[in-house]
Amino acid sequence: MKALLVAPSWIGDAVLAQALCMRLHERNPGLQLDALAPRWVAPVLERMPEIARVFDSPFAHGDLSLKARHRLARELAREGYQRAYILPNSIKSALIPFFADIPERIGFVGETRYGLINRRHTLNKALLPQMAERFAQLAETPGTALPRPLPRPRLRSTSAQRAATLAALGIEIPARLAVFCPGAEYGPAKRWPERHFAALANALADHGYAVWLLGSAKDRAIGEDIVSRTDAARLPLNLCGATSLSQAIDLLAAASFVVCNDSGLMHVAAALDRPLIALYGSSSPGFTPPLSPQARILSLHLECSPCFKRECPLGHLDCLNRLEPQRVLDACLRFPGQVSG
């Protein structure tokens, strides 16, 4: 069987979709599963052994482009897909499988997509509280219960890939490496303060750790602020905006442990099975937790959080400001194999 996965547009959501991919292969031996994904998400899918090929979806958020979607659909129609699994809930995401005449088009009803989705699931948020569960439900017959536990996401990073990334960037892996991911695309209410990251970097340097900062070009200024606040003799290496996503995957795979906000790179680190400290402020680990037994979630569980806002509506950001660096340091050093001096 050949099937097409219409992937989410967020890196973290794409990682969480891997449980669905695993379930599909379990149910359909010999399945060829291809993906249609935005180019900024594609590197994550390319590191999933369940995905055979990734086709570029060139459409920006909110971009309808009916003629361009129809052209792409006619190209995909030649592939002879029998099923399409449509993960986003928008009408636009369901157009290409419909235009491509894929016989079975599977997804949640979403934006009343009754004509576009013909194997329709109705979302029960109480039964499926986590995003990964909602994606995995699409492998089941509509109306049937989701088997648990879910398979955990597992991205590939081979020694050859890591060596190629290090050579391209001209860097070497230190004996003790802490990787920080200080950005969060959604907004500042999900970002632990730069001064806290800097204090943690200084404390980890006292324990013999080198610190690298990873993120997108949008996070470059955040990384520079962290560097400016750390001791001059042991500055973190700011790689925000200096790597591709594929290279960031390889660097995360080499980390002794990772400290992240609730972000796409948090889910990547979890899927690489790295020891992980996940910092939650305005968002909830109940919906999109890192799916790894190596992850430790830190949240203050204040009355005002989670608020799910991009910026703190009360103006104080206590949910993250009051999460002290010492608490995060203690959590880092409690991982097996880490050093305390």
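The preceding data block contains the structure.
Below: a short report on this structure. Owing to the predicted nature of the structure, the values given are computational and were not obtained by experimental measurement.

### Some remarks on the sheet that holds strand 1 (residues 2-6)
Strand-to-strand pairing in sheets goes through backbone hydrogen bonds, with the strands running parallel or antiparallel.
Right, so step 1: Ordered in space as 3-2-1-4-5-6, the six strands form an open sheet in which the pairing is parallel. For this open sheet the edge positions go to strand 3 (54-56) and strand 6 (119-121), each flanked by a neighbour on one side alone. Strand-to-strand, the axes of this sheet are offset by a mean angle of 20°, without reference to chain direction.
Right, so step 2: Pairing between strand 4 (residues 83-86) and strand 5 (residues 104-108): three bridges, direction parallel.

### Considering the sheet that holds strand 7 (residues 177-181)
Right, so step 1: Spatial strand order, 9-8-7-10-11-12: six strands in an open sheet with parallel pairing. Edge positions in the sheet fall to strand 9 (237-238) and strand 12 (295-298), since each has one partner strand and no second.
Right, so step 2: Relative to strand 11 (residues 276-279), strand 10 (residues 257-261) runs parallel, the two sharing four bridges. Its bridge partner lying in strand 11, C260 is registered against A278.

### Thoughts on the state of the cysteines
Two cysteines form a disulfide when their sulfur atoms are joined by a covalent bond.
Right, so step 1: Counting across every chain of the model gives zero disulfides.
Right, so step 2: Distance from the sulfur of C181, which forms no disulfide, to the nearest cysteine sulfur (C260) is 3.3 Å.

### A short note on empty space enclosed by the protein
Right, so step 1: Applying the stated criterion across every chain, the model contains two cavities of 30 Å³ or more.
Right, so step 2: When its volume is computed, the largest cavity comes out at roughly 80 Å³.
Right, so step 3: What lines the largest cavity is simply A189, S282, C304, S305, C307, C312, P313, L314, H316, L317, D318 and C319.
Right, so step 4: Among the residues forming the lining of the largest cavity, the class breakdown is eight nonpolar, three polar and one charged.
Right, so step 5: Computed from the structure, the second largest cavity encloses a volume of approximately 30 Å³.
Right, so step 6: Lining of the second largest cavity is provided by V15, L16, P153, H267, A270, A271 and L291.
Right, so step 7: In terms of residue count, the dominant contributor to the lining of the second largest cavity is helix 11 (residues 264-271) (three residues).
Right, so step 8: Along the lines of polarity and charge, the residues of the lining of the second largest cavity split into six nonpolar, one polar and no charged.

Rules of the game
Residues numbered from 1 in each chain as written. Predicted model: local features only at pLDDT ≥ 70, side-chain atom pairs only at ≥ 80, totals over all residues. Heavy atoms only, no water. Pairing = 2+ DSSP bridges. Helix = DSSP H or I, 4+ residues; strand = E, 2+ residues; numbered from the N terminus. Axes fitted to C-alpha atoms, helices over the stretch in contact; angles between N-to-C directions. Disulfide = S-S within 2.5 Å. 1 Å grid on protein atoms, 1.4 Å probe; cavity = no way out; pocket = protein on both sides within 12 Å on 5 of 7 lines; lining within 4 Å. Points joined across faces, edges and corners; volume = space filled by probe spheres on them. Nonpolar A, V, L, I, M, F, W, Y, C, P; charged D, E, K, R; others polar.

Honestly, it's all geometry; don't read function into it.
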